[in-house]
Amino acid sequence: MQERVMDQAAAKPLAGLLESVCVEQGGEVAAQAEEEFRRGIKRLLGFSPAMYTPGTVPSGGCAVFLGTVSRLQKNSDFADLRPDSGKIPGADGFFIKISGKKMVIAGQNEAGALYGVFRFLALMQTGVARDGFELSETPKSPLRMINHWDDISGSIERGYAGRSIFFRDGRIDYEERRIADYARLLASVGINRISINNVNVRAQAKLLITEEYLGDVASLAAIFRRYGIKIFLSINFGAPWSLGKLPTADPLDPAVAAWWKERAALIYKYIPDLAGFLVKADSEGEPGPFQYNRTHSDGANMLAQAVKPHGGEIVWRCFVYNCAQDWRDPSVDRARAAYDHFMPLDGAFDDSVILQIKFGPYDFQVREPLTPLFGALKKTRHVMELQITQEYTGHQIDLCYLPWLWEDIMRFDTAHGPASTITELVGPYKKGSSFIEGFAAVSNVGLDRNWTGHTLAQANLYGYGRMIWDPSLSAEEIAREWSELSFGPGDTARVIAGLQMSSYPAYEKYNAPFGVCFMVTPHLHYGPNIEGYEFSRWGTYHRADNRAIGIDRTPSGTGYTNQYSPKNAEMFANPSTCPENLILFIHRLRYDYIMKNGETLLQNIYDTHFEGCDEAAAMLEKWKSLKNVLEVEIYESVLDRFERQLVNAREWRDQINTYFHRKTGIADKRGRKIYD
Ligand code: GCV
């Protein structure tokens, strides 16, 4: 297919330099770096650069050098690449320099070279990469993972952009070019791991680890491999009995361990570089070690022994809680669960096990505190789990720019010692320290032509990759970058970046108030249903009555706040120091509680809901102002979504305000319309 030339003015000053390129040869990822360079230049500038290998360079030499640091050190004379230059990037990193008539892109490894090419193309497109430009970057997160919740039927659990790109009707069935484009897209922001199937491993998905499917899994893995991405398979902990016909899946039963070893050996024959298994155990009905009175370290370590000889790892999720709770019993607090289950096991896990911990103690709510395991775990490898798919944040109908939330997460100080913000804790694991080795996030991608259903939701996927590569980036920088790369630098990009930035606060305002969580329609998780979870088994209650709302999670209540470092425990436990956007997560407050702005809690609930809805209306108008500058298809599809968002925002505003008005009988002091 012919690539469309973007003819971007900002890229033009470098055109002369980019005509001849000397490429160090290597493996298939190096070949992809070369291909992306060629393709990118063609796309941005309309010509194909001449590509040479070191032995075939013409007498006039080349201007651009591309390869790994070690190969370029041998074959070129760049002073910057000398081992003592102080500019050599770390694992997966790259060095770029443009100086006069020469330019180099040097990766620490082949993946680094590929990331360097993508970064260069982006920076050239936005006019940042020009003569004199120099950049040495190393990703802060060694593990940069995407999780797919794709079912083998082709539907996607919590998917809002069409059917699965991997599966159809019980088979692995995909369009090769689309997968390759997806891999390119992920590699362009540095993703290096992907799990392809849902963590709820049901029906035929259990057979993905059998020979019936492994050939097809291997073909899929081969596509991702070219872009430096290794795949994980989600497995079902009960497989030894459901698949192997053993009488048990007890992790301490030698026959079970032997079954997994044999199974791993078979899987690795097909996919020698499989990253490993992703496991949801004892969670929402999935089987796990608790069924056999074993611990989660027993379960994870047994699996680690099976994959470790092949270089594999076990990513083990900490989303373990009682999902059969009695709402009548206020003594059980779901928010405590991850810490209560996993903190006592710190140090008990094999070094091939990585715990995957949801960022908050509940479940990807619009606003939750950070799970107290971060900063506390010291002897266990772990990553943070985020959600790009907008399960609770608007189903890719409502615009909700997630890096806004992630920036807050990254800046949170766990207060477990000096340099203990999440940003500072992200890095390679060291025993005895609390380093977070990286991130996993649930993908928002499906078969929709624009990948993400809502075109502007692409910024969430892009933003995820950028922010975990460098957690010190701000949401605003990323919004600007994404908008300029997608729409070209200029006013349109500025308006769209502005829309992205205003979207999260608006969504948060018209959603459940002040961190109280779960006022959403059960199971669907779109739109309000204020008491939808109130009398259910899921443990997510707000217990609103006519005087107060919220759960007391301080030492006088469930004691959840004591799971934090002493400094944060104290900060959270005191309503006057607890962040107000989380105050109802931690405290039970009367509606006449006076907030920092001098208004009551109730008045703040009314105000935020009116404001959030007004902001959704303003976003719609702003979008309309772009009518004449955008492609019709993009304009119309996003317009439709903004209109639906406004309907949703109104519903949230009116149901929430009416609910609290009915409970309290107290009027809005500004006299706005509340329906009774
Ligand atoms: C994949 C929530 C979601 C489920 C999801 C689960 C999980 O409960 O609603 O759809 O299941 O989280 O993270 O395992």
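What you see is a predicted model; the values in this text were computed from it and never measured. (Residues numbered from 1 in each chain as written. Predicted model: local features only at pLDDT ≥ 70, side-chain atom pairs only at ≥ 80, totals over all residues. Heavy atoms only, no water.)

A. Structural view of the overall build of the protein. Helices and strands together make up the secondary structure of the protein, namely 18 helices and 18 strands. Relative to the 2.2 N^0.38 estimate, which gives 26 Å for 676 residues, the radius of gyration of the protein is 26 Å and therefore close to what a compact globule would have. Here the C-alpha coordinates of the protein stretch approximately 85 × 65 × 50 Å along the principal axes. Per-residue burial over the protein gives 61% buried out of 676 residues. If you take every contact in the protein between residues at least 6 apart in sequence, the share linking residues at least 24 apart comes to 72%. For the protein, the computed accessible surface area is about 25000 Å², with 51% contributed by carbon and sulfur atoms. Within the protein, the 83 negative side-chain charges are centred at a point lying 1 Å from the centre of the 75 positive side-chain charges. (Helix = DSSP H or I, 4+ residues; strand = E, 2+ residues; numbered from the N terminus. Rg over C-alpha atoms; globule rule 2.2 N^0.38 Å. Buried < 20%, exposed > 50% of the residue type's maximum accessible area, 1.4 Å probe, protein only. Contact = heavy atoms within 4.5 Å. Areas by Shrake-Rupley, 256 points an atom, 1.4 Å probe, with all protein chains shown as cover. Lys, Arg positive; Asp, Glu negative; His and termini not counted. Charge placed at Lys NZ, Arg CZ, Asp CG, Glu CD.)

B. Region of interest: the site of the ligand. Every one of the 14 residues lining the ligand counts as a neighbour, but Glu157, Lys280, Arg317, Lys358 and Glu391 are closest to it. Contacts to the ligand include Asp363, whose side-chain N or O atom sits 3.2 Å from an oxygen atom. Between the ligand and Glu391, the relevant distance is 2.6 Å, taken from an oxygen atom to a side-chain nitrogen or oxygen of the residue. The protein chains hide 95% of the 340 Å² of surface that the ligand would expose on its own. According to the grid-proximity analysis, the pocket containing the ligand is the second largest pocket. (Near = heavy atom within 4 Å. Polar contact = N/O pair within 3.5 Å; in protein donor to acceptor, adjacent residues only side chain to side chain. 1 Å grid on protein atoms, 1.4 Å probe; cavity = no way out; pocket = protein on both sides within 12 Å on 5 of 7 lines; lining within 4 Å. Sits in = over half its atoms within 2 Å of the grid points.)

C. The arrangement of the layout of surface pockets in detail. When its volume is computed, the second largest pocket comes out at roughly 370 Å³. What lines the second largest pocket is a set of 25 residues, among which Glu157, Arg158, Glu284, Asp363 and Trp538 lie closest to the centre. Of the residues contributing to the lining of the second largest pocket, the split by class is nine nonpolar, five polar and 11 charged. (Points joined across faces, edges and corners; volume = space filled by probe spheres on them. Nonpolar A, V, L, I, M, F, W, Y, C, P; charged D, E, K, R; others polar.)

D. Region of the structure containing the side chain of Glu437. Mapped onto the secondary structure, Glu437 falls in the loop between α11 (422-425) and β16 (438-442). You can call Glu437 buried: its relative accessible area is 8%. Apart from the residues within four sequence positions on either side, Glu437 is in contact with Ser141, Pro142, Leu143, Arg381, His382, Val383, Gly427, Pro428 and Tyr429.

E. Just the sheet that holds strand β11 (residues 230-235), in detail. Strand order in this closed barrel of eight strands is β7-β10-β11-β12-β13-β14-β15-β16, and the pairing throughout is parallel. Strand after strand, the sheet turns through a mean of 25° between neighbouring axes, direction not considered. Taken together, the four bridges between strand β13 (residues 313-317) and strand β14 (residues 353-358) define a ladder with parallel strand orientation. Within β14, the position partnered with Arg317 by the bridge is Gln356. (Pairing = 2+ DSSP bridges. Axes fitted to C-alpha atoms, helices over the stretch in contact; angles between N-to-C directions.)

F. A look at the packing of aromatic side chains. Counting across every chain of the model gives 30 aromatic pairs. Relative to Trp316, the ring of Phe237 has its centre 5.9 Å away and its plane inclined at 85°; by these criteria the two rings are edge-to-face. With Phe237 in the loop between β11 and α6 (239-242) and Trp316 in strand β13, the pair connects residues that are 79 residues apart, well separated along the chain. The pair Phe237 / Trp316 is uniform in exposure class, with both members buried. Between the NZ or CZ atom of Arg171 and the centre of the ring of Tyr213, over which it lies, the distance is 4.7 Å. One residue, Arg537, lies across the ring of Trp538, its end atom 4.1 Å from the ring centre. (Phe/Tyr/Trp six-rings, centres within 6.5 Å; stacked < 30°, edge-to-face > 60°. Lys NZ or Arg CZ within 6 Å of the ring centre and 35° of its normal.)

G. View of the sheet that holds strand β2 (residues 50-52). Across the sheet, which stays open at both edges, the six strands sit in the order β2-β1-β3-β5-β4-β6 with mixed pairing between neighbours. Pairing within the sheet leaves two strands with one partner each, and these edge strands are β2 and β6 (134-137). Between one strand axis and the next, the sheet turns through 10° on average, direction left out of account. Both strand β1 (residues 20-23) and strand β3 (residues 64-68) contribute to a ladder of three bridges, which runs parallel. Along β3, the bridge assignment pairs Val21 with Val64. With respect to the sheet, helix α1 (residues 28-45) is in contact with β1, β2, β3 and β5 (102-107), its orientation differing from that of β3 by roughly 150°. Against the sheet, helix α3 (residues 110-125) engages β3, β4 (94-99), β5 and β6, with an angle of about 45° to β4.

H. Highlighting the pairing of β13. Burial analysis of β13 places five of its five residues in the buried class, the great majority of the element. The side-chain alternation of β13 yields two buried faces, one formed by Glu313, Val315 and Arg317 and the other by Ile314 and Trp316. In terms of strand pairing, strand β12 (residues 276-279) meets β13 through four bridges, oriented parallel. The residue of β13 that forms the bridge with Phe277 is Ile314. A crossover links β12 with its parallel partner β13, the connecting element being helix α8 (residues 296-307), and its sense is right-handed. (Right-handed = clockwise from strand over helix to strand, strands pointing away.)

I. Quick look at the packing of helix α17 (residues 601-624) against helix α18 (residues 632-664). Where α17 contacts α18, the two axes come as close as 9 Å, and the packing angle between them is 165°. The orientation of α17 relative to α18 falls into the category roughly antiparallel. Classified by chirality, the crossing of α18 by α17 is left-handed. (Parallel < 35°, antiparallel > 145°, perpendicular 65-115°, else oblique. Left-handed = near helix turned anticlockwise from the far one by under 90°.)

J. Region of interest: the pattern of salt bridges. Taken as a whole and assessed by the stated rule, the structure comprises 47 salt bridges. A salt bridge links Asp181 to Arg177; the nearest nitrogen and oxygen atoms lie 3.6 Å apart. A residue pair is termed a helical-turn pair when its members lie 3 or 4 positions apart in one helix, as Asp181 and Arg177 do in helix α4 (residues 176-187) at four residues. Between Arg367 and Glu508 there is a salt bridge whose closest N-O contact spans 2.8 Å. With Arg367 in the loop between β14 and β15 (382-387) and Glu508 in helix α14 (residues 491-510), this pair connects stretches of sequence that are 141 residues apart. The buried category is assigned to Arg367, whose relative accessible area is 9%. Exposure remark for Glu508: the relative accessible area of 17% places this residue in the buried category. A single network of salt bridges, built from pairs that share partners, joins Glu599, Asp607, Asp668, Lys669, Arg670 and Arg672. (Salt bridge = Lys/Arg side-chain N within 4 Å of Asp/Glu carboxyl O.)

K. Structural view of the side chain of His661. Mapped onto the secondary structure, His661 falls in helix α18. You can call His661 buried: its relative accessible area is 16%. If we ignore the near neighbours within four places in the chain, the residues touching His661 are Tyr606, Ile666, Ala667, Ile674 and Asp676.

Function cannot be read off these values alone, since they describe shape.
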